[in-house]
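If you want the building blocks of each chain, they are given just below.
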Amino acid sequence: MGRNIVLTGIVLKAMPVGEYDKRITVLTKEKGKITAFARGARRPTSQLLAATGPFSFGEFEFFEGRSTYNLVKASISNYFRELSDEPEKACYGFYFLEIADFYAQENNDEKELLKLLYQTLRALGSKALDSRLVRRVYELRVLLTEGECPDFFSCCQCRAKENLIRFSPNSCGMLCAACAEGKEFVPFDSSVLYTVQYALSSKLSKLYTFAVSKDVLSRLEQTMDLIFTAQVSHEFRSLEILKSIAG
């Protein structure tokens, strides 16, 4: 016997099915990532039309069958409409959704990932914050949330916490001045290291409350391109679109 359940979550993606239906992927607090069908959601008069679009955050009532979910109704508290007003921000947003979709699992505890994604989309919608910085902070915190983040607080060779000047791709961690000699490494100046450490150690509520200079941001981007690519062996389609728009 099936039952109706109410889950809090955000729509990660939606695909047309048949003539009027949709298949949606929702990252939920209670059941991780789920796939559900929304019958008639593509009809212009459907109450589910807007609620089944990507970025829609709120409470979703599903009929939980033996092997499928069917969306019954939804109460959306945030559509993140401000992102649709700016194509570049929308592209960043879709990239963030795709990362969450890649990592999230069904019937897994994804509360932290959901909270991170929600806070990140709010930050992305702010005119006071640089979208490029929001992206790099999000990438770092996703790695941290998923247990794949390198140690940026101590030397991966001798465990020293001072004079961390290089990042070792082979060891996937920081190297101090003494241990970096003669090894393959990525330069890591103090400003970039401080930014990374702050992003990793801040409470989620304080995560997007800082700014950096254009020079530091540029160096952070170069560093994160290497680190995130090394840690995540997946090609994100939305990232290619973002690169073509943002440059």
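Small disclaimer: the values here were computed from a predicted structure and weren't measured. (Residues numbered from 1 in each chain as written. Predicted model: local features only at pLDDT ≥ 70, side-chain atom pairs only at ≥ 80, totals over all residues. Heavy atoms only, no water.)

Some words on the nonpolar core
The biggest cluster of nonpolar side chains holds 60 residues, and the ones touching the most others in it are Leu117, Leu121 and Phe152. Those residues within four positions of Leu121 in sequence are excluded, and the remaining contacts are Ile10, Phe55, Phe80, Leu83, Gly93, Phe96 and Leu97. (Core = buried A, V, L, I, M, F, W, Y, C linked by side-chain atoms within 4.5 Å. Buried < 20%, exposed > 50% of the residue type's maximum accessible area, 1.4 Å probe, protein only. Contact = heavy atoms within 4.5 Å.)

Observations regarding helix 2 (residues 87-103)
For helix 2, spanning 17 residues, the distance from its first C-alpha to its last is 25 Å, which sits close to the expected 24 Å at 1.5 Å a residue. With twelve of 17 residues buried, helix 2 lies mostly within the body of the structure. Among the residues of helix 2, those classed as buried are Lys89, Ala90, Cys91, Tyr92, Gly93, Tyr95, Phe96, Leu97, Ile99, Ala100, Asp101 and Tyr103. (Helix = DSSP H or I, 4+ residues; strand = E, 2+ residues; numbered from the N terminus. Expected span 1.5 Å × (residues − 1).)

A few points about the pairing of strand 8 (residues 173-176)
Where strand 6 (residues 151-155) lies against strand 8, two bridges are found, and the strand directions are parallel. Paired with Asp151 across the two strands is Gly173, which belongs to strand 8. As paired strands, strand 7 (residues 164-168) and strand 8 are joined by four bridges and run antiparallel to one another. The residue of strand 8 that forms the bridge with Arg166 is Leu175. Once strand 7 ends, the chain turns through four residues before running back antiparallel as strand 8, passing Cys172 with a positive phi of about 55 degrees. (Pairing = 2+ DSSP bridges.)

Quick look at the pattern of salt bridges
Inspection of every chain in the model, using the stated rule, returns 17 salt bridges. With a closest N to O distance of 3.7 Å, Asp21 and Arg39 form a salt bridge. In this pair, Asp21 is assigned in strand 2 (residues 21-28) and Arg39 in the loop between strand 3 (32-38) and strand 4 (57-64), connecting sequence segments 18 residues apart. Across the pair Glu139 and Arg135 runs a salt bridge whose closest N-O atoms are separated by 2.9 Å. With Glu139 and Arg135 both in helix 4 (residues 131-145), this residue pair falls four residues apart, about one helical turn. With a relative accessible area of 10%, Arg135 lands in the buried category. (Salt bridge = Lys/Arg side-chain N within 4 Å of Asp/Glu carboxyl O.)

Comments concerning the sheet that holds strand 5 (residues 69-78)
In spatial order, the strands read 1-2-3-5-4; together these five strands close into a barrel with mixed pairing. Averaged over neighbouring strand pairs, the angle between their axes works out to 50 degrees when direction is ignored. Relative to strand 4, strand 1 (residues 3-17) is paired through eight bridges, and the arrangement is antiparallel. When the bridges of strand 4 are listed, Ile10 appears paired with Phe57. (Axes fitted to C-alpha atoms, helices over the stretch in contact; angles between N-to-C directions.)

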